[in-house]
Amino acid sequence: SVSGAAFSYTPASVTAGTTFAWSRAAVTGISNSAANGTGPINEIVINTLSAAVNVTYVYTLTANGCTNTQNVVVTVSSVPVVTSVLPANGSAGVSINPTITANFSEAINASTVTAATVQLKDASGNVVPASLSTSGNSITLIPTGALTNLITYTVTIKGGQTGVKGLAGNALVNDYTWTFTTTT
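Bear in mind the structure is a predicted one, so any value in this text is a computation, not a measurement.

### Let's talk about the overall build of the protein chain
Next, step 1: Check the secondary structure of the protein chain and you find zero helices and 14 strands.
Next, step 2: Along the protein chain, helices (α) and strands (β) appear in the sequence β-β-β-β-β-β-β-β-β-β-β-β-β-β when read from the amino end.
Next, step 3: The C-alpha radius of gyration computed for the protein chain amounts to 22 Å, which surpasses the reference 16 Å derived for 184 residues by more than 25%, pointing to a less compact arrangement than a globule.
Next, step 4: The dimensions of the protein chain, computed from C-alpha atoms along their principal axes, are 80 × 30 × 25 Å.
Next, step 5: Of all 184 residues assigned to the protein chain, the portion counted as buried reaches 38%.
Next, step 6: Sequence-distant contacts in the protein chain: of pairs separated by 6 or more residues, those separated by 24 or more amount to 60%.
Next, step 7: Taken as two groups, the 4 positive and 4 negative side-chain charges of the protein chain have centres that lie 4 Å from each other.

Structural data, given as structure tokens:
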């Protein structure tokens, strides 16, 4: 299962009248708290680590006065998460010749880093021409010319299936946007 995507599992039994109860403990690296329910599982599990995490659901099956437990183990793969940006979000007094960097929780697939997936825009929403590079967990954007003084700029990294992806092919879940203002 991919982090942030719905996981569904419907139990079945050949014994008529079987009831199903499930539980899931809190797991290190999974942002969801412990959970339980009856019948099918349908939840979104979020992996906060850069590596896959196994999540175990314990099913208790009850029929004809007998009880049995079975484990359903789901491997929740990671998705890239922005861990830091430079210039920092909301910062002021930024050089008009900045090096703009986004750091991620995992290595990024360079082929998904394009002018369509990583953009710098001026206060009017115009795309500012820039060079892009990727190295391991980082994306760097350098404007091809000096920025204008005292303007707020917005950087957007596209998420979703057409956005930036990690090496495992999993996409940033949502667009990530931050702003900064240039110096006088």
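### What to know about the sheet that holds strand E7 (residues 82-86)
Next, step 1: Overall, antiparallel pairing links the four strands, which are arranged E7-E9-E12-E11 in an open sheet. Of all the strands in the sheet, just E7 and strand E11 (130-135) have a single pairing partner and so form its edges. Averaged over all adjacent pairs, the angle separating strand axes in this sheet is 15°, with direction ignored.
Next, step 2: Examined bridge by bridge, strand E9 (residues 100-104) and strand E12 (residues 138-143) share four bridges and lie antiparallel to one another.

### Topic: the sheet that holds strand E2 (residues 19-24)
Next, step 1: Ordered in space as E3-E2-E5-E6, the four strands form an open sheet in which the pairing is antiparallel. Every interior strand has two partners, whereas the edge strands, strand E3 (35-38) and strand E6 (66-76), have only one. Neighbouring strand axes in the sheet, compared pairwise and without regard to direction, differ in orientation by 20° on average.

### Structural notes on the pairing of strand E13 (residues 152-157)
Next, step 1: With four bridges connecting them, strand E10 (residues 118-121) and E13 associate as antiparallel partners. Bridge assignment links Val118 to a residue of E13, and that residue is Ile157.
Next, step 2: Inspection of the sheet shows E13 paired to strand E14 (residues 176-182) by six bridges, in the antiparallel sense. Paired with Thr152 across the strands is Thr181, a residue of E14.

### Topic: the environment of Leu86
Next, step 1: Structurally, Leu86 is set in strand E7.
Next, step 2: For Leu86, a relative accessible area of 52% gives the class exposed.
Next, step 3: Separated by 13 residues in the primary sequence, Leu86 and Thr99 have C-alpha atoms spaced 7.7 Å apart.
Next, step 4: Other than its neighbours up to four places away in sequence, Leu86 contacts Thr99, Ile100, Thr101 and Trp178.

### Re the nonpolar core
Next, step 1: Membership of the largest hydrophobic core comes to 21 residues, with the highest contact counts inside it found for Phe104, Leu120, Ile157 and Phe180.
Next, step 2: Elements with a contribution of two residues or more to this core: E7, E9, E10, E12, E13 and E14.
Next, step 3: Apart from the residues lying within four places of it in its own chain, the contact partners of Ile157 are Ala102, Phe104, Thr117, Val118, Val164, Leu172, Asn174, Asp175, Tyr176 and Trp178.
Next, step 4: The next biggest cluster of nonpolar side chains, apart from the first, holds 15 residues, and it includes Phe20, Tyr57, Leu61 and Val74.

Cut-offs and rules
Residues numbered from 1 in each chain as written. Predicted model: local features only at pLDDT ≥ 70, side-chain atom pairs only at ≥ 80, totals over all residues. Heavy atoms only, no water. Helix = DSSP H or I, 4+ residues; strand = E, 2+ residues; numbered from the N terminus. Rg over C-alpha atoms; globule rule 2.2 N^0.38 Å. Buried < 20%, exposed > 50% of the residue type's maximum accessible area, 1.4 Å probe, protein only. Contact = heavy atoms within 4.5 Å. Lys, Arg positive; Asp, Glu negative; His and termini not counted. Charge placed at Lys NZ, Arg CZ, Asp CG, Glu CD. Pairing = 2+ DSSP bridges. Axes fitted to C-alpha atoms, helices over the stretch in contact; angles between N-to-C directions. Core = buried A, V, L, I, M, F, W, Y, C linked by side-chain atoms within 4.5 Å.

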